[in-house]
Amino acid sequence: MTFAVRVAILASAMDFTLGMLLNIGGTARAPGWTILNIAPGPAVDIVADCTDLSAIPDDVCALVYASHVLEHLGYDKVLLTALREIRRVLMPGGKLMVSVPDLAVLCRHFIQPDLSDSERATLIQTIFGGRSDPYDVHLAGFDHNILGAYLAHARSEEHTSELQSLAYLVCRLLIEKK
């Protein structure tokens, strides 16, 4: 499922016309979206690390979309710093949509005896990163519980979350800032 399709499904149920739509780690232009990426590119609006969103004011994002970003951050303070920065830029009522590889699902698939070497290699790249550039390295692994614990730790107690399981090897968590 492409970025545009995922976001269209989400946006059809919500009104995001009052705030910034921020795609962290994006590389493809989509109408109305601001793209923040650590690497410069033709569609990138803000070149920055997601642990420092100082180019974005507090409480301005109606939706932050971070697909396959958090696994590139270390478990040390870096991951929580990024999540706190995302929370800071979310406006009241704003939402965070996160997708990460689901390590539990990937491990279950990896041990299947009927997988080809090519399929195993693809799973290994999904677990550890494809190494296509210096940033394409995974430093963290998640399942629903681990991701949920990090998000709960990064948000204040008045936040609510809804966990949704997806069929294509990812966890997705939707957080609403109140």
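Here the structure is a predicted model, which is why all the values come from computation and not from measurement.

Chemist: Hey, could you run me through unusual backbone geometry in this one?
Modeler: One can expect most non-glycine residues to show negative phi and most peptide bonds to be in trans. The residue Asp-59 is not glycine, and still its phi comes out positive at about 55°. Looking at the element boundaries, Asp-59 is found in the loop between β3 (46–47) and β4 (61–67). Under the relative-accessibility criterion, Asp-59 is labelled partly exposed at 38%.

Chemist: Hey, could you run me through the nonpolar core in this one?
Modeler: Ranked by size, the top nonpolar core spans 30 residues in total, and within it Ile-24, Leu-36, Val-64, Leu-70, Leu-83 and Phe-142 carry the most contacts. For this core, the secondary-structure elements that each account for two or more residues are β1 (20–24), β4, α2 (77–89), β5 (90–101) and α5 (144–154). By residue number, the principal contributor to this core is α2, which donates 6 residues. Excluding residues that lie within four positions of it along the chain, Leu-70 makes contacts with Leu-79, Leu-83, Val-98, Val-100, Ala-140, Phe-142 and Leu-147.

Chemist: Can you help me understand the pattern of salt bridges in this one?
Modeler: Two side chains that carry opposite charge are able to pair once their charged atoms sit near each other. Enumeration over the complete set of coordinates arrives at 3 salt bridges. Between Asp-58 and Arg-88 there is a salt bridge, with the nearest N and O atoms lying 2.5 Å from each other. Residue Asp-58 is located in the loop between β3 and β4, and its partner Arg-88 is located in helix α2; the two are separated by 30 residues in the primary sequence. Classification of Arg-88 by relative accessible area gives partly exposed; the value is 21%. The shortest N-O distance in the salt bridge between Glu-85 and Arg-88 comes to 3.0 Å. Here Glu-85 and its partner Arg-88 are both found in helix α2, 3 residues apart, which amounts to about one turn of the helix. The network of salt bridges with shared partners includes Asp-58, Glu-85 and Arg-88.

Chemist: Teacher, can you tell me more about the layout of surface pockets here?
Modeler: By rolling a water-sized probe across the atoms, one finds the places where empty space is left. Estimates place the volume of the largest pocket at around 800 Å³. In terms of lining residues, the largest pocket is bounded by 35 residues, among which Gly-25, Asn-37, His-68, Val-69 and His-72 are the most central. Among the elements of the structure, α1 (3–12), β1, β2 (33–37) and β4 are those that each provide at least two residues to the lining of the largest pocket. Along the lines of polarity and charge, the residues of the lining of the largest pocket split into 19 nonpolar, 12 polar and 4 charged.

Chemist: Explain the environment of Glu-85 here, please?
Modeler: Classification of Glu-85 by relative accessible area gives buried; the value is 15%. Between the C-alpha atom of Glu-85 and that of Ala-154, which follows or precedes it by 69 residues, the distance is 9.3 Å. Setting aside its immediate chain neighbours within four residues, Glu-85 contacts Cys-50, Thr-51, Asp-52, Leu-53 and Ser-54. There is a polar contact of 3.0 Å between the side chain of Glu-85 and the side chain of Arg-88.

Calculation rules
- Residues numbered from 1 in each chain as written.
- Predicted model: local features only at pLDDT ≥ 70, side-chain atom pairs only at ≥ 80, totals over all residues.
- Heavy atoms only, no water.
- Helix = DSSP H or I, 4+ residues; strand = E, 2+ residues; numbered from the N terminus.
- Buried < 20%, exposed > 50% of the residue type's maximum accessible area, 1.4 Å probe, protein only.
- Core = buried A, V, L, I, M, F, W, Y, C linked by side-chain atoms within 4.5 Å.
- Contact = heavy atoms within 4.5 Å.
- Salt bridge = Lys/Arg side-chain N within 4 Å of Asp/Glu carboxyl O.
- 1 Å grid on protein atoms, 1.4 Å probe; cavity = no way out; pocket = protein on both sides within 12 Å on 5 of 7 lines; lining within 4 Å.
- Points joined across faces, edges and corners; volume = space filled by probe spheres on them.
- Nonpolar A, V, L, I, M, F, W, Y, C, P; charged D, E, K, R; others polar.
- Polar contact = N/O pair within 3.5 Å; in protein donor to acceptor, adjacent residues only side chain to side chain.

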